[in-house]
Amino acid sequence: MTAFVSRPPRGHRLLAWLWLVVVLVITAHQAWLWTRPAGVLDSDVLAMLPRDERRPAVAAATRALADAGERRVVVLIGAKGLTQAIAAGDAFALAMAGGEGAKGAEGAAVAPSAGAALRWRVDEGEQNTWLGFYAPWRAALLTDEDRRTLQTQSTEVLAQQALRALHQPVGLPRIGSWAEDPLNLRGRWLAERAGISRVRVQDGRLTVTDGDTTYAVLMAESTAPAFAVSAQRALVARLESAGDAARVAVPDARVLMGGVPLFAASAAAQAEREIHTIGAGSLIGIVLLTWCAFRSLRPRVLVTLSMAVGLGAAVSVTHALFGGLHLITLVFGATLLGVAENYGSNYFCARMGLARAARWDMLRRQWPIVSLAMLTTVIAYALIGIAPFPGLRQIAVFSSAGLLGAFATVMLWFPWLDGEAAPATRFGLWLGGLRARVPSVASGRRKRAGWASAIVVAALFLAIGLSLLTRNDDIRQLQSAPAALIEQQREVSRVMGLPGVARFVLVEGGNEEQLLTRDEAVVRALGASGVESQAVSQWLPSLQAQREDAALIGRRATEINGALSTMLDETLPAPTAASSPLLPAQWLASPVSEPLRHQWLGRGADGVWRSAVLLRGGDMNLDTARLSSAIGQLPGAIWVDKVGEISALLGRYASLFGLMVVAGHLLVWLALLPRFGRRAWRALVPTSLATLLTLAVFGVAGVPVTLFHLLPLLILLGLGVDYGIFLLEQPGRHEIQPFLSVSLAALSTLLAFGLLALSTTPALRAFGLTLLIGVTLAWWLTPLFMPADAIDESDDPTGAIAPTPPSSQGTP
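Just so you know, these numbers come straight off a predicted model, no measurement behind them. (Residues numbered from 1 in each chain as written. Predicted model: local features only at pLDDT ≥ 70, side-chain atom pairs only at ≥ 80, totals over all residues. Heavy atoms only, no water.)

### A word on the overall build of the protein
We apply this condition: In this text, helices come from DSSP runs of H or I with a minimum length of four residues, and strands from runs of E with a minimum of two, each type numbered from the N-terminal end. Only protein chains enter the accessibility calculation, which uses a 1.4 Å probe. A residue is then buried if its area is under 20% of the maximum for its type, exposed if over 50%, and partly exposed in between. Residue contacts follow a heavy-atom distance rule, with two residues in contact if any of their heavy atoms lie within 4.5 Å. In short, Shrake-Rupley with a 1.4 Å probe defines the accessible areas, and a residue's cover is counted only from the protein chains shown.
Within the protein, the secondary structure is distributed over 26 helices and 13 strands. Counting every position in the protein, which comprises 812 residues, the buried fraction comes to 51%. Taking as baseline every contact in the protein between residues at least 6 positions apart, the subset at least 24 positions apart corresponds to 80%. Within the structure as shown, the protein displays about 35400 Å² of accessible surface, and the carbon and sulfur contribution to it stands at 61%.

Structure below.
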């Protein structure tokens, strides 16, 4: 009978107690984290995307533009007539106020209990304020068309035009008397400004007309943080209820909604559904798998404990490092259950058939094996964090911390909490015994013909599949919002003529005046390219433009008034000059600037003044290369195309990670050489082949490969090599424990990532599908490359591998 070392390794007891202290701290942190008033989870999609570290000003501008609308929902309620649209809009506003009564014509918001400030009315005082704001500077404001007219037309022609306007009953609205502004220059300038927006004020309400449909326009501003999950739910529920009220008031009313809070709420609801589906599905599947393999309560409880500690450690470490936890990270983290379970299952597989006193001897043998397997997997996850995507870095930290937590729990606690070894079940014997039925490439000559045929078929499949493989790096393909929500957002943007923030021009200047002159130059350049824009300088001309226009107006107005005085035989008043120019501070302090205030980015920490010029036209097809070239020639102008930039970044990192996968296989082979010598290829080749076959499957299936198909290949490398390590360490083909451990690990991973393949988030689905195919292939290819018999010492001249003691395989 073999004597076992029944004592724990030196320091093991102390480490177990220290780990208990760590787990208690994690538990306390979890209790505080999930019970505090502030939300823990973040659903902001921008938080998952890369920041422009090379151009911090561009990153800051993008964030500022996104922040300006992140809490706003635009609601359009359409009907065939103005009266019906207003009635439906008022019913919507009343419902948003909780039935307490919306404010009257003087008000512009609903009751605070609604969780959102609602604007849909504009009273007469607000209109007069808007119209009267520019009155002091009316002699310094010109449209481009009027400027050209004053520069090119004769005094007689202009005087005749003014006379026609005097006797014409219908024309542009006039601000002030005809004598003060015979050519109605101020009215024309204000009309052009109003034409930039399609929204009009009718009967004291904001409205917009599209064809034969009139829409009441309501803008709801959430009073809670945009990505607070509970606030999102409450706001969406209130909006939907208000929409129902509008349809009750006007049965054929059309209700359209668009805004960041709607997408954030949809993403949060989708992520929570997937957390429940993937997390609960993985947990139930893993518990059932453990029960079938061991048919004992203790292994199930302890394996569940290791997974729970791993998840707790992952959440706490991630929150501590990032200050929050994204919902997508939590969805991906649900798959951690399948990987973290591997260590517990391996422990009980190794314990199978051993007396309790033998557990410390078994632990000593398993420690280097499991540590190497854990290290390769953690490195694989950590490599994901190399990409400059905050979301991927958060996932890398979450997964690595979770695996370390589960590993420590198994290796430090299980020997103390373990009882007598569970007997092998029929399922366990069957699953572990499958290895004996799997042929080896080292089989005899009679099977060489069959292997040759298999190699030819595999080579042909690889050649065809890899030749058909394509790439798609467009970030827009990762959009996972419901189609109906996307369509509503597009329709709202089209009807309202809203500018986008994905493409814009960032303008920089050394001072406010230089900024505004450059802003004007950008507007002219975009107009010359046939692109409509929305810019601060359209409402706040530069001092240079004001001086030039004031001089032009003063000179031509004197000439025109003289001609008109002669024609009318009466003296017209002398033109009034502006006493002082319109300054940015005056404009920003006025309600007039509210719609464009977010585009005035102000002075940065570097002392540079900045503004953003937005492009109108929604999803118009732009020649971005030509625009970028044209804008690049203007001083202080930077063309920003976030969609194009992030797509290009995805492409660059897809190429980089493709090379990293190749380099990773080489590095793993070098790491395996000291322990396995010439047999190291047996642990690596199955995973390498599984990687190539997975890519070939995508090629044959016509699935374009993205960065999120390549990243999991690193995880596949870590997981697949683990299978090879376990089987090479215990090479007996008729022993059930090694292949049972590998099979339980593979099945648990497939349960987790197989469910992830069902995710509606494209990036997560790509992860799951890649690992679903790759892990399945690695699981069944690995036994094929194991030695046909016990360890052949001629294949291991270094003597690095010691035969497994018989006492470790059965009862002593």
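### Considerations on the packing of aromatic side chains
The line we're drawing: Centres within 6.5 Å make a pair out of two Phe, Tyr or Trp rings, where for Trp the six-membered ring is used; the pair is then stacked when the planes are under 30 degrees apart, edge-to-face when over 60, and tilted otherwise.
A full pass over the atoms with the stated rule returns 15 aromatic pairs. The interplanar angle of 80° and the centroid separation of 5.9 Å between the aromatic rings of Tyr-343 and Phe-407 together place this pair among those described as edge-to-face. Linking Tyr-343 in helix H12 (residues 336-351) with Phe-407 in helix H14 (residues 390-417), this pair joins segments that are 64 residues apart in sequence. Accessibility assignment for this pair places Tyr-343 and Phe-407 in one class, buried. Note on Tyr-653 and Phe-657: the rings are 6.4 Å apart at their centroids and 40° apart in plane angle, and the pair reads as tilted. Residue Tyr-653 and its partner Phe-657 are both found in helix H22 (residues 642-676); the two are separated by four residues, about one turn of the helix. When its relative accessible area of 0% is taken as the criterion, Phe-657 is described as buried.

### Digging into the side chain of Arg-682
Our working rule: Within 3.5 Å is the distance limit for a polar contact, defined as a pair of N or O atoms, with the added protein rule that one can donate a hydrogen and the other accept it, and that residues adjacent in sequence qualify only through two side-chain atoms.
Here Arg-682 shows up in helix H23 (residues 680-701). A distance of 2.8 Å separates a polar atom in the side chain of Arg-682 from the backbone oxygen of Phe-785.

### A closer look at a nonpolar patch on the surface
For clarity, the threshold we go by: Residues forming no salt bridge and having over 30% relative accessible area are the ones grouped into patches, like charges within 9 Å of each other and nonpolar side chains (Val, Leu, Ile, Met, Phe, Trp, Tyr) within 5 Å. Think of a salt bridge as a Lys or Arg side-chain nitrogen and an Asp or Glu carboxyl oxygen that are within 4 Å of each other.
Among the surface-exposed residues, Val-456, Leu-460, Phe-461, Ile-464, Leu-468 and Val-700 lie close enough to one another that they form a single nonpolar patch of about 530 Å² accessible area. Considering the arrangement of structural elements, one finds Val-456 in helix H16 (residues 448-468). Given the relative accessible area of 49%, Val-456 is considered partly exposed.

### Things to note about the packing of helix H10 (residues 297-322) against H14
Our working definition: Note on geometry: axes are lines fitted to C-alpha atoms, helical ones only across the stretch in contact, with angles between N-to-C directions running from 0 to 180 degrees. Should the near helix be turned anticlockwise from the far one by less than a right angle, the crossing is termed left-handed; should it be turned clockwise, right-handed.
Interhelical geometry of H10 versus H14 gives an angle of 140° and a closest axis separation of 7 Å. Where H10 crosses over H14, the two elements pack in a sense that is right-handed.

### Things to note about the side chain of Thr-62
Along the chain, Thr-62 turns up in helix H2 (residues 56-69). For Thr-62, a relative accessible area of 16% puts it in the buried group. Polar contacts involving the side chain of Thr-62 include one to the main-chain carbonyl oxygen of Val-58, which spans 2.8 Å. If we ignore the near neighbours within four places in the chain, the residues touching Thr-62 are Phe-504 and Lys-642.

### Describing the nonpolar core
For clarity, the threshold we go by: Within this scheme, the nonpolar core is defined by two criteria: the residues are buried Ala, Val, Leu, Ile, Met, Phe, Trp, Tyr or Cys, and they are joined through side-chain atoms within 4.5 Å.
Core analysis: the largest hydrophobic core is formed by 103 residues, its most contacted members being Leu-672, Leu-707 and Phe-708. At 16 residues, the largest contribution of residues to this core is made by helix H24 (residues 707-729). Residue contacts for Phe-708: discarding those within four places in its chain leaves Leu-392, Leu-478, Leu-650, Ala-763, Ala-766 and Phe-767. By size, the runner-up hydrophobic cluster in this structure holds 32 residues, among which are Val-505, Trp-539, Val-592 and Leu-627.

### Observations concerning empty space enclosed by the protein
Note the following rule: Only protein atoms enter the 1 Å grid used here, on which a cavity is any set of points holding a 1.4 Å probe that cannot leave and a pocket is any open set flanked by protein within 12 Å on both sides along at least five of seven lines; residues with an atom within 4 Å of a point are listed as lining. Grid points are joined across faces, edges and corners, and a volume is the space filled by probe spheres set on the points.
All chains considered together, the criterion is met by four cavities of 30 Å³ or more. Taken as a whole, the largest cavity encloses approximately 90 Å³ of empty space. As for the largest cavity, its lining consists of Val-339, Asn-342, Tyr-343, Asn-346, Thr-377, Leu-719, Asp-722, Tyr-723, Phe-726, Ser-741 and Ala-745. At the level of secondary structure, the elements contributing two or more residues to the lining of the largest cavity comprise H12, H24 and helix H25 (736-756).

### Side note on the confidence of the model for the protein
Formally: Every residue gets a pLDDT, meaning the predictor's confidence in that residue, from 0 to 100.
Model confidence for the protein is summarised by a mean pLDDT of 82, while 86% of its residues fall at 70 or above. The least confident element of the protein is strand S1 (residues 41-42), whose mean pLDDT is 62; the most confident is strand S12 (residues 609-615), at 95. Counting contacts from residues 100-113, a segment whose pLDDT is below 50, to residues more than four positions away or on other chains yields 29 contacts. Here residues 790-812 is modelled with pLDDT under 50, and outside its nearest four sequence neighbours on either side it reaches 39 contacts, counting other chains as well.

### Side note on the environment of Leu-256
Along the chain, Leu-256 turns up in strand S7 (residues 254-259). Excluding residues that lie within four positions of it along the chain, Leu-256 makes contacts with Val-74, Val-75, Leu-76, Tyr-215, Gln-488, Glu-491 and Val-492.

### Focus on H10
Because each turn of an α-helix spans 3.6 residues, side chains separated by three or four positions end up pointing in the same direction. Keep this limit in mind: Any helix carries an expected span of 1.5 Å times its number of residues minus one.
Look at H10: 37 Å from first C-alpha to last across 26 residues, which is about the 38 Å you get at 1.5 Å a residue. Looking at the residues trailing H10, positive phi occurs at Gly-323, about 75°.

### Overview of the environment of Val-410
Tracing the backbone through its elements, the reader meets Val-410 in helix H14. The exposure class of Val-410 is buried, given its relative accessible area of 0%. Sequence spacing of Val-410 and Leu-305 is 105 residues, and the spatial spacing of their C-alpha atoms is 9.0 Å. Look past the residues within four positions of Val-410 in its chain and what remains in contact with it is Ser-306, Tyr-343, Gly-344, Tyr-347 and Pro-415.

### With respect to the pairing of S7
Looking along a regular strand, one sees the side chains alternate between the two faces of the sheet. To keep things clear, this is the line we draw: Any two strands with at least two DSSP bridges between them are considered paired.
In terms of burial, S7 is a largely internal element, five of the six residues being buried. Two elements, strand S2 (residues 72-79) and S7, share six bridges in a ladder whose sense is antiparallel. Note on S7: the bridge partner recorded for Val-73 is Gly-259.

### With respect to the pairing of strand S9 (residues 500-509)
In the sheet, S9 pairs with S12 via seven bridges, with the strands oriented antiparallel. Paired with Phe-504 across the two strands is Leu-614, which belongs to S12. Inspection of the sheet shows S9 paired to strand S13 (residues 637-641) by five bridges, in the antiparallel sense. When the sheet's bridge partners are listed, Val-507 is paired in S13 with Ala-637.

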